[in-house]
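# Observations on chain architecture
Here are the chains, one letter per residue:
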Amino acid sequence: MTHPMVEQLRFARRELQRALAGLTDDEARRRFLPMNCISWNIGHLAWQEQRYWLTVAQDGLTVRPELNTAFAYGAPASTPALDTSWAAWREVTLATEPWLDAVTTARLAETVTVRGW
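Report follows, based on the coordinates.

## So, the overall build of the protein chain
A count of helices and strands for the protein chain gives six helices and zero strands. Secondary structure elements of the protein chain occur, N-terminal to C-terminal, as α-α-α-α-α-α. Whereas a compact globule of 117 residues would reach a radius of gyration of roughly 13 Å, the protein chain reaches 15 Å, a difference of no more than 12%. Principal-axis analysis of the C-alpha atoms places the extent of the protein chain at approximately 45 × 30 × 20 Å.

Structure follows, in structure tokens:
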């Protein structure tokens, strides 16, 4: 059975996609200073999921290494193409699915120390 927190994550992912349906590339690249644009934030979410559910949880697995520089916390602002950000997000979230399907409450409750970030 899938963990309830994983179901909540999947719900949030669906809601993100639903909320941004119909968004144009121009709209997604627009910055309202000091905030980053929506397309950057999609890339940032891809980076977070990769970091948590692949790199940390699965001993260094990284499907999109460029996310670690372009979209990490503290990375410089940019205005990437919307389709590029969505492609990265989809690839990362797809890669996380087998681990998320199998994760247990005990594994989610573990204390993790990450150095270098």
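## Quick word on helix α3 (residues 38-56)
Along its 19 residues, α3 runs 26 Å from first to last C-alpha, staying within 8% of the 27 Å computed at 1.5 Å per residue. Bending of α3 peaks at approximately 35° at the position of Q50. Within the sequence span of α3, burial applies to S39, W40, I42, G43, H44, A46, W47, E49, Q50, R51, L54 and T55.

## What to know about the pattern of salt bridges
Tallying each qualifying case throughout the model produces nine salt bridges. E91 is the partner of R64 in a salt bridge, and the nearest nitrogen-oxygen pair spans 2.6 Å. Of the two residues, R64 is situated in the loop between α3 and α4 (67-70) and E91 in helix α5 (residues 82-102); the sequence distance between them amounts to 27 residues. Given the relative accessible area of 17%, R64 is considered buried. The exposure class of E91 is partly exposed, given its relative accessible area of 35%. For R107, the salt bridge goes to E110, with nearest N and O atoms at 2.7 Å. With relative accessibility at 30%, the residue R107 sits in the partly exposed group. By relative accessible area, E110 is classed as partly exposed at 41%. Each of R10, R13, E49, E97 and D101 takes part in salt bridges that share partners, so that together they form one network.

What counts, and where the lines are drawn
Residues numbered from 1 in each chain as written. Predicted model: local features only at pLDDT ≥ 70, side-chain atom pairs only at ≥ 80, totals over all residues. Heavy atoms only, no water. Helix = DSSP H or I, 4+ residues; strand = E, 2+ residues; numbered from the N terminus. Rg over C-alpha atoms; globule rule 2.2 N^0.38 Å. Expected span 1.5 Å × (residues − 1). Bend = angle between axes of the 7 residues up to and from the residue. Buried < 20%, exposed > 50% of the residue type's maximum accessible area, 1.4 Å probe, protein only. Salt bridge = Lys/Arg side-chain N within 4 Å of Asp/Glu carboxyl O.

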